[in-house]
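Structural features, examined
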Amino acid sequence: MEFQLTDDQAMVQKTARDFATLEVLPKAAEIDRDHRFPKELVARMAELGFLGIAVPEAYGGGGMDVVSYVIAMEEISRACASTGVIMSVNNSLVCDPINRFGTEAQKQEWLTPLAAGKKLGCFALSEPEAGSDAAAQRTTAVKQPDGSWIISGTKNWITNGPVADVCVLFTMNDRAAGHKGITAFILPMDTPGVRCGSPDDKLGIRGSKSSQIFLDDVRLPDSLLLGEVGGGFKIAMSTLDGGRIGIAAQALGIARAALEDALAYSQTRKTFGKAINQHQAIAFKLADMATEIDAARLLTLRAAWLKDHKLPYGKEAAMAKLYASDVANKAAREGIQIFGGNGYVTEYPAERHFRDAKITEIYEGTSEIQRLVIANYLTKGA
Ligand code: CAA
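Residues numbered from 1 in each chain as written. Predicted model: local features only at pLDDT ≥ 70, side-chain atom pairs only at ≥ 80, totals over all residues. Heavy atoms only, no water.

Digging into the packing of aromatic side chains
Applicable threshold: Between rings of Phe, Tyr and Trp, where Trp is taken as its six-membered ring, a pair exists when centres lie within 6.5 Å; planes separated by under 30 degrees are stacked, by over 60 edge-to-face, and by other angles tilted. The helix and strand labels rest on DSSP assignments: H or I over at least four residues marks a helix, E over at least two residues marks a strand, and numbering proceeds from the N terminus. Summary of the burial criterion: residues with accessible area below 20% of their type's maximum are buried, those above 50% are exposed, and those between are partly exposed, where the area comes from a 1.4 Å probe applied to protein chains only.
Under the counting rule described, the total for this entry stands at six aromatic pairs. Relative to Phe-339, the ring of Tyr-265 lies with its centre 4.3 Å away and its plane at 20 degrees, an arrangement referred to as stacked. You can see Tyr-265 sitting in helix 6 (residues 232-268) and its partner Phe-339 sitting in helix 8 (residues 314-339), a full 74 residues away along the chain. Residue class for Phe-339 comes out buried when judged on its relative accessible area of 5%. Aromatic side chains Tyr-265 and Tyr-348 sit 5.9 Å apart centroid to centroid with 80 degrees between the ring planes, which places their arrangement in the edge-to-face category.

Below you can see the structure in the form of structure tokens.
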């Protein structure tokens, strides 16, 4: 067993840390306060190769491994969780399924600009009545005599939706077949009949734009079908397995921000004649935060390593997300406690970490769904 980063992984970490510290962190509070999509940081992530890290270089990607993706996600999310999720969706939920299920022509046309960051992607699975129960899709796809498809329905909470050029879209083309009636498409967002609602007004990750997507008699050629007719649910589920590794890494970054900011504050803030980290009440909180963050990181890197080695990783990805999101929320809560009154005001970053952490227990499968997934593997003996 090897715990050391390779030279390439160490280089990704340094590049991501420098970018996060020098370019992202100084803007994080403003991005949050103004609910501003950080367009210029997305452009820089494209230049740095962070929008398709694990996509082969032949298709415009960085040609790196999933471990490198986790490392970069942690660094960038440590600075700004909004910027982190923009990156995560493009990598895990858009590039990854097109890379795995797309035809050669689809990869040339869509994956290459997405991985290079010339286009930005979104992933539209959730609907007003299909959140945790992802198979309950109502968006319809009806095949036409000329071979094209007509798609109608509504998608909800679609991260990157209002700013995306391309969408990996899930539809129902045969309701009687249940999850085997779900079919995926690559949807260019400028197709007539596609409209985004107003951006969601969110508790946290306010720089990441999400919205409803309304699909009104959208006509798509058969060449935009992703995978097979009826194969969409397996594309969605296997894509989310990888996505959960990305969100675990985002949670890690938020947890680390909560710890590092609280540690720095605890060295300068004095009570009863000494720095507050000299009181065990605070020192023990910091020790617990650091230990739990390390455990979450090890779970996340294990899931990434398994994916890199083409070994089963669905259970491990769910464990990583479940635990890392819990750690992020605990660390953010304790971070506020360490900051005391200063933790409750927007002048300091602690309250932002608290608001940003919450979503990691909700999107890409709630913590309850992660437990369900893990329990299903256990009962199957996996
Ligand atoms: N990979 C491949 N196939 C899988 C799979 C996986 N990980 N998990 C399940 N399947 C297959 C099963 O093998 C089964 O196939 P067969 O019928 O051929 O045997 C089929 O899918 C159905 O499986 P289940 O019976 O387990 O499906 P289910 O309807 O009970 O649902 C669930 C399972 C785990 C609850 C699933 O609905 C789920 O993951 N829900 C959460 C949805 C979610 O994570 N949404 C996130 C939205 S995207 C987002 O959040 C992005 C963002 O904003 C950043």
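What follows picks up the thread again.
Some remarks on the site of the ligand
So the rule is basically this: Summary of the distance rule: residues count as near a molecule or strand when at least one heavy atom falls within 4 Å of that molecule or strand. We define a polar contact as two N or O atoms separated by no more than 3.5 Å, with the added condition that, inside protein, one atom must be a possible hydrogen donor and the other a possible acceptor, whereas residues neighbouring each other in sequence contribute only through side-chain atom pairs. The Shrake-Rupley method, run with a 1.4 Å probe, gives the accessible areas here. Residue values count only the displayed protein chains as cover. Think of a 1 Å grid over the protein atoms and nothing else: a 1.4 Å probe that fits but is trapped marks a cavity, an open set flanked by protein within 12 Å on at least five of seven lines marks a pocket, and residues with an atom within 4 Å of a point count as lining. Assignment of a molecule to a cavity or pocket requires that more than half of its atoms lie within 2 Å of the corresponding grid points. Polar here means any residue other than Ala, Val, Leu, Ile, Met, Phe, Trp, Tyr, Cys and Pro, which are nonpolar, and Asp, Glu, Lys and Arg, which are charged; Gly is therefore polar. Segmentation of the chain into domains, including their bounds, is taken from an automatic or database domain assignment.
Surveying the vicinity of the ligand reveals 23 residues, the closest of which are Ser-132, Thr-159, Lys-234, Asp-241 and Glu-364. In the environment of the ligand, a nitrogen atom lies 2.8 Å from a nitrogen or oxygen atom belonging to the side chain of Asp-241. Burial of the ligand by the protein chains amounts to 70% of its free accessible area of 1100 Å². The cavity where the ligand resides is the largest pocket. If you list the elements that add at least two residues to the shell around the ligand, you get helix 4 (81-101), helix 6 and helix 10 (367-379). At seven residues, the largest contribution of residues to the shell around the ligand is made by helix 6. Its residues assigned to classes, the shell around the ligand comprises eleven nonpolar, seven polar and five charged. When residues are assigned to domains, the shell around the ligand turns out to be shared by domain 2 (121-230) and domain 3 (234-379), each giving three or more.

A look at unusual backbone geometry
Not every positive phi belongs to a glycine, and His-35 is a case in point at roughly 50 degrees. Along the chain, His-35 turns up in the loop between helix 1 (7-33) and helix 2 (39-48). Judged by its relative accessible area of 26%, His-35 is partly exposed.

Considerations on the pattern of salt bridges
Where charged atoms from two side chains of opposite charge approach closely, those side chains can pair. Where we set the bar: A pair is scored as a salt bridge if a Lys or Arg side-chain nitrogen falls within 4 Å of a carboxyl oxygen belonging to Asp or Glu.
Overall, the coordinates contain 26 salt bridges when judged by the stated rule. Salt-bridge contacts for Arg-17 lead to Glu-75; the nearest nitrogen and oxygen are separated by 2.9 Å. Placement of the pair is Arg-17 in helix 1 and Glu-75 in helix 3 (residues 66-79), with a sequence separation of 58 residues. Note that Lys-358 is salt-bridged to Glu-361, the shortest N-O span being 2.6 Å. Residue classification places Lys-358 among the partly exposed positions, given a relative accessible area of 35%. You can call Glu-361 buried: its relative accessible area is 16%. Salt bridges sharing common partners tie together Arg-17, Glu-74, Glu-75, Arg-78, Arg-256, Glu-260, Asp-261, Asp-294 and Arg-297.

Structural notes on the domain arrangement of the protein chain
Filter applied, for reference: In what follows, residue pairs with any heavy atoms lying within 4.5 Å of each other are defined as contacts. Accessible area that two parts lose when put together, evaluated with a 1.4 Å probe and summed over both, is termed the buried area.
Split by domain assignment, the protein chain resolves into domain 1 (7-115), domain 2 (121-230) and domain 3 (234-379). The C-alpha centroid of domain 3 is placed 20 Å from the C-alpha centroid of domain 1. Between domain 1 and domain 3, the residue contacts involve 24 residues of the former and 30 residues of the latter. Summed over both sides, the interface of domain 1 with domain 3 buries roughly 2300 Å², with 58% coming from carbon and sulfur. Taken together, domain 1 and domain 3 are joined by seven salt bridges. Between Arg-78 and Glu-260 there is a salt bridge; the shortest N-O distance is 2.7 Å. Across the domain 1-domain 3 interface, the total number found is twelve residue pairs in polar contact (both at pLDDT 80 or more). Broken down by secondary-structure element, the contributors of at least two residues to the side of domain 1 that touches domain 3 are helix 1, helix 3 and helix 4. In terms of residues, the side of domain 1 that touches domain 3 owes the most to one element, helix 3, which gives ten residues. Of the residues in the side of domain 1 that touches domain 3, the class split is 13 nonpolar, three polar and eight charged.

Let's talk about the environment of Ile-213
Secondary-structure assignment places Ile-213 in strand 7 (residues 210-220). Among the residues examined, Ile-213 registers a relative accessible area of 1% and is labelled buried. Sequence spacing of Ile-213 and Ala-357 is 144 residues, and the spatial spacing of their C-alpha atoms is 25 Å. In this structure, Ile-213 is in contact with Cys-122, Gly-153, Thr-154, Lys-155, Ile-158, Gly-161, Met-189, Val-194, Arg-195 and Cys-196, ignoring residues within four places of it in sequence.

Focus on helix 8
Inclusion rule: How far a helix is expected to stretch is found by multiplying one less than its residue total by 1.5 Å.
With 26 residues, helix 8 should cover 38 Å at 1.5 Å per step; its first-to-last C-alpha distance of 37 Å lies within 8% of that length. Where helix 8 ends, the next residue or the one after it, Gly-340, has phi of about 60 degrees, a positive value.

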